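# Summary of the model geometry
Residue strings, one per chain:
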Amino acid sequence: MASSARWNHVWVGSETGILKGVNLRRRQATNYVAASALRRDEGVCAMCWGDPSESEILVGCLDRSVKLFSTEKGKFTESRQCLGGEGSFCGLAVHDSSIITCVESGLLKVWRDASSENMETQVGAGMCRMRQNPAQPQCVGTGGKENALKVWDLHRPEEPIFRAKNVRNDWLNLRVPVWERDLQFLPGSEKIVTCTGHHQVRLYDPSSPQRRPVLQATYGEYPLTALSLTPGADSVVVGSSHGDMAVIDLRQAGRLVKCLKGFAGSVRSVHCHPTLPLVASCGLDRFLRVHNIEDKRLVHKVYLKSRLNCLLLTSREKWDDEEPEPAAPQADVKEEKDELWDGMETVATRTVLKRTADPNVRETQLGKHPKKQKRTSAGP
């Protein structure tokens, strides 16, 4: 299992607490949690890479435990409880061998080796998402329901270094509600793109004088639940609670470029490959899908049996050049099938014929010819 885990292309976490590794080239999915150990309170709600080489995965569970999975060994190696605050994890990150967690009640905490050195701050209630800035790992962005976008420097956590301002009132002069569902930092700049529960895509620029979004676009009629930047960071892929996915161009005033089809439930997680034109997504319909962004083609579709919450897509590029792991011998599979069938009880069946009122007809059904009746004469 250790050797095969390293070649998985997608890692998916489910509501039942299963971590699944999917090898798209071999069309094979592997569970890395035993079925006997499944617990609903250990459902996976957050995932992130533990190191740049993608040899470790941090898995955040509903019971507030963070587990470390080694892709080299193919098993969980460590686990620690990250208590404090209320609600499930809405974000997970790593910085300087420390774990960064954020829960729904708004408690943002940095877990170091020594418990006395742990740092924590309150980022606001109703939290929906916390994400790390890849270019500046000490900075994270947060947002939620009635909790506008904020950017925090973990070296100075007293106040956010950027606090977004709500958009102006609508045409009825009513306040526009705030509901940030997901966010991501644009590489090479300070800009941040977010999607909201009111089907809006917004682009913020902390370097500009205004704190309001510099770009806003709407898509569909349902809450947007997840987003990911495409290679080049000129567009963003968003998914909704109704099973819609689309590509929004950030250069052309938020123009809708294309829609990706094939979904039958809420989209929970979206992850674009950093260089290849591929985007992986999962959700409540229990399917993992991989689309080609350029031609909208559904490249892979894998049924994984459980409702899926989050995923990670490997950044490896040459999938076709990878050395495939040897498959299990066909004889072993056949032996397992024969043993299963041999252990079953043999059930005998017999044919029941339908009775009819005419005895001649019944005998005909049994394969016999009807008896000839003797003629009797009554006499003169």
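Let us look at the structure shown here. Quick caveat, the model's predicted, so the values are computed rather than measured. (Residues numbered from 1 in each chain as written. Predicted model: local features only at pLDDT ≥ 70, side-chain atom pairs only at ≥ 80, totals over all residues. Heavy atoms only, no water.)

As a further point, take the packing of aromatic side chains. One pass over the full model with this rule turns up six aromatic pairs. For the pair F162 and Y204, a centre-to-centre distance of 6.5 Å together with 65 degrees between the ring planes defines the contact as edge-to-face. Of this pair, F162 sits in strand β15 (residues 162–163) while Y204 sits in strand β18 (residues 200–204), and the two are 42 residues apart along the sequence. These aromatic residues form a ring-pair network of at least three members: W11, Y32, F69 and F76. A cation sits over an aromatic face here: R64 above F89, 5.6 Å from the ring centre. Sitting over the ring of F287, K301 keeps its end group 4.6 Å from the ring centre. (Phe/Tyr/Trp six-rings, centres within 6.5 Å; stacked < 30°, edge-to-face > 60°. Helix = DSSP H or I, 4+ residues; strand = E, 2+ residues; numbered from the N terminus. Lys NZ or Arg CZ within 6 Å of the ring centre and 35° of its normal.)

Per the stated rule, a full pass over the model turns up zero disulfides. Left unpaired, C61 is separated from the closest cysteine sulfur, that of C45, by 6.8 Å. With a relative accessible area of 2%, C61 lands in the buried category. (Disulfide = S-S within 2.5 Å. Buried < 20%, exposed > 50% of the residue type's maximum accessible area, 1.4 Å probe, protein only.)

Below, the discussion takes up the nonpolar core. Counting 16 residues, the largest nonpolar core has V193, V201, L229, V236 and V238 as its most contacted members. Among the elements that make up this core, the one with the highest residue count is strand β20 (residues 224–229) (three residues). Setting aside residues up to four positions removed in sequence, L229 forms contacts with Q184, F185, L186, P187, V193, S235, V236, L250 and C272. Within the second largest apolar cluster, 15 residues are counted, among which are V12, C282, V290 and V302. (Core = buried A, V, L, I, M, F, W, Y, C linked by side-chain atoms within 4.5 Å. Contact = heavy atoms within 4.5 Å.)

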